[in-house]
Amino acid sequence: MAEGWLDFEQPLADLVTRLDELTAIGAKDEVKRVQEQIEKQKEKIYADLTPWQRVLLARHPRRPYPLDYIERFVTDFTELHGDRGFADDPALVAGLGRIEGIGFAVVGHQKGRDTKEKLRRNFGMPHPEGYRKALRVMELAARFGLPILTLVDTPGAYPGVGAEERGQGEAIARNLRDMAMLEVPIVAVVTGEGGSGGALAIAVGNRVLMQENAVYSVITPEGCASILWHDGSRGEESAKAMRMTARELREFGIVDDVVPEPLGGAHQDWDEAAHLLKDAVLANYRALSGQTGSDLVAGRVARFAAIGVYS
Amino acid sequence: MPTPARPVGRSQTPDGMWYRCNSCGEILYRKTLESNFFICTRCGYHFRINPDRYIQILLDEGRIEELDADMTPADPLQFPEYDRQLKKSQEKTGRKDGLVYGRGEMGGIPVILAVMDFGFVGGSMGSVVGEKIARAIRLARAERRPLLIVATSGGARMQEGAYSLMQMAKTSAELGLLRNERVPYIAIPVDPCTGGVTASFAMLGDVIISEPGALIGFAGRRTIEGTIGEKLPEGFQTAEFCRKHGTLDAVVPRRDLRDTLIRILSILWPVTQATTSY
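Computed from a predicted model, the values in this text were never measured in an experiment. (Residues numbered from 1 in each chain as written. Chains lettered and ligands numbered in written order. Predicted model: local features only at pLDDT ≥ 70, side-chain atom pairs only at ≥ 80, totals over all residues. Heavy atoms only, no water.)

(A) Quick peek at the interface of chain A and chain B. Contacts between the two partners involve 46 residues from chain A, matched on the other side by 53 residues from chain B. Among the residues of chain A in contact with chain B, Glu164(A), Arg177(A) and Tyr310(A) are the three that bury the most area, contributing 17% of the side total. Seen at the junction of chain A and chain B, the total is zero salt bridges. Secondary-structure elements contributing two or more residues to the side of chain A that touches chain B are α7 (161–165), α8 (168–180), α9 (196–200), β7 (215–217), α10 (221–229), α11 (235–242) and α14 (293–305) of chain A. Sort the elements by how many residues they give to the side of chain A that touches chain B and α8(A) lands first, with 10 residues. Considered class by class, the residues forming the side of chain A that touches chain B number 30 nonpolar, nine polar and seven charged. (Contact = heavy atoms within 4.5 Å. Buried area = accessible area lost by both parts, 1.4 Å probe. Salt bridge = Lys/Arg side-chain N within 4 Å of Asp/Glu carboxyl O. Helix = DSSP H or I, 4+ residues; strand = E, 2+ residues; numbered from the N terminus. Nonpolar A, V, L, I, M, F, W, Y, C, P; charged D, E, K, R; others polar.)

(B) Representation of the packing of aromatic side chains in the model. Under the counting rule described, the total for this entry stands at eight aromatic pairs over all chains. Arranged with centres 5.9 Å apart and planes meeting at 35°, the rings of Tyr19(B) and Phe38(B) form a pair that is tilted. A residue pair is termed long-range when its members are at least 10 positions apart, and Tyr19(B) in strand β1 (residues 18–20) and Phe38(B) in the loop between α1 (30–35) and α2 (51–58) qualify at 19 residues. Classification of Tyr19(B) by relative accessible area gives buried; the value is 1%. Its relative accessible area of 3% is what places Phe38(B) among the buried residues. An aromatic cluster is built from Tyr19(B), Phe38(B), Tyr45(B) and Phe47(B), whose rings are joined through pairwise contacts. A cation sits over an aromatic face here: Arg303(A) above Phe304(A), 4.8 Å from the ring centre. (Phe/Tyr/Trp six-rings, centres within 6.5 Å; stacked < 30°, edge-to-face > 60°. Buried < 20%, exposed > 50% of the residue type's maximum accessible area, 1.4 Å probe, protein only. Lys NZ or Arg CZ within 6 Å of the ring centre and 35° of its normal.)

(C) Highlighting helix α3 (residues 51–58) of chain A. All names here are of chain A. Burial of α3 is extensive: seven of the eight residues sit out of reach of the surface. Residues of α3 that are buried include every one of Pro-51, Trp-52, Gln-53, Arg-54, Val-55, Leu-57 and Ala-58, and no others. Residues of α3 that are buried in the fold lie against β4 (148–154), β5 (186–195), β7, α10, α11 and α12 (246–251).

(D) Layout of the domain arrangement of chain A. Residue and element names in this part refer to chain A. Along its sequence, chain A is organised into domain 1 (7–47) and domain 2 (53–305). Computed over C-alpha atoms, the centres of domain 1 and domain 2 are 34 Å apart. Listed per partner, the contact involves six residues of domain 1 and eight residues of domain 2. For the pair domain 1 and domain 2, the two sides together bury roughly 630 Å², of which 62% comes from carbon and sulfur. Scanning the region where domain 1 abuts domain 2 turns up zero salt bridges. The element best represented in the side of domain 1 that touches domain 2 is helix α2 (residues 28–47), accounting for three residues. (Domains from an automatic or database assignment.)

(E) Structural detail: the nonpolar core. Membership of the largest hydrophobic core comes to 108 residues, with the highest contact counts inside it found for Ile172(A), Leu200(A), Tyr216(A), Phe79(B), Leu147(B), Tyr185(B) and Phe201(B). It is helix α5 (residues 161–179) of chain B that contributes the most residues to this core, nine residues altogether. With residues up to four places along the chain from it excluded, the contact list for Leu147(B) reads Ile112(B), Ala136(B), Ile137(B), Ala140(B), Leu175(B), Leu178(B), Pro184(B), Tyr185(B) and Ile186(B). In terms of nonpolar packing, the next biggest core, distinct from the first, is built from 34 residues, Cys21(B), Phe47(B), Val207(B) and Leu257(B) among them. (Core = buried A, V, L, I, M, F, W, Y, C linked by side-chain atoms within 4.5 Å.)

Here it is, written out as structure tokens:
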């Protein structure tokens, strides 16, 4: 398989390889014909993705991460480090910057790109100190009346001995409670993997969005399958059963808006993905304008209070 | 204090005349256990008990005015096997879902008590459990009654997908409002309490109290073992471990639980009463 392509993208990968070859030898007519085939193939492959294919796109190794988006549409960004108690957690980044001139606090899970960076960032799985840093920066924003943008992309909170010793459960729980009480607008966007409590811990927003190919679930599809069928390899089936795609969660009212991605996924065109994301963030932020701090808190509590199905 | 081993097999209180201790293997007569708060007379192991027994142990005269007992779970995802699992748990427990809450008194102090049922789909939190917890919190705030939640759970209920996940935010957000009101909330995580319940209301008590040997943690032990590729330290994720690491306030044997709670409430509750408005 060509590097950077998923299995189901293989027909497209072949065409792109062929296009490169044809371009190299200057076969103009052929180039044009293959370009058309590529567009058709893209539409065919990406028009109707299965939930599992979305999971793969959400986890795509070339998918943009928060710092890639911050680089593209947050100006004057200063990263703020540490929870003031134990350590700085590189799996979660936080800082202050501007979006279209408006001061924002931005918080996001950060996966690594290469092996070294992946290890340093712990694959985007925060420890308690990561969540405590996030809350510290969000509370800073609230005290200065700044809106908050969170970008969610994690397989989950890190399951480890140190994380348990330092109160992973308490750290997530406190974020859920205290984030709900912040008297500033919060826009949360799931940009990749919305992995359970570890994702939700920075996603208690007034507006909760998902990128088109992002997923959001209570457990990973592999984890679900291993509980359900004692077979972790049946993620394809459990991804379908859990209804974890943006479109489905929009229908349930669990997310408010689906943010479009470039055809084929955010990884195909980072600049375009960033542009679409920025527009959605600003539109949703503006939709909250005119509300007082207590309106925003009441609205946020009511938003989550309304979620649930029972009789 | 004895440190019981992990329970083996099914450890929800069994029916019948004789019980076998999950920790030391001692054979115990039912009446003996009942009069001993379902604590093994030999090794101190605390058997898992259902909501009725906690209500019996904690509330004055064991009396609760239960609310929303008829709230019934739906199957919003049409999730494989969920319907059957619900029916099975409903038959086994006689409840619609895994949470009982209502008004009661403790040492004459009016309280709201909520108790989870680990016997109902693994004590998992879906829409009904989350909604009832949220209502219990709202009621505590509205009536200015201290809130107590006995939490035992495998975590958020997978079969209701993201609806279950969102119950974590729903319940925690309500606790944020309660916190502004000088109405005490005592969380009582008991064996076992893990996952999304630990990562929401169970760890948000003004005071957090557990029972000896209770398993309390966020991630499952097997998940952690799989991640770190080694055996876990002795006593990992027990209530005693949590107390040592500073994540809960006290580990109290079940026979002393009610008295301990009343002692704490008797100091906090007069302040709640004195505050007429916030």
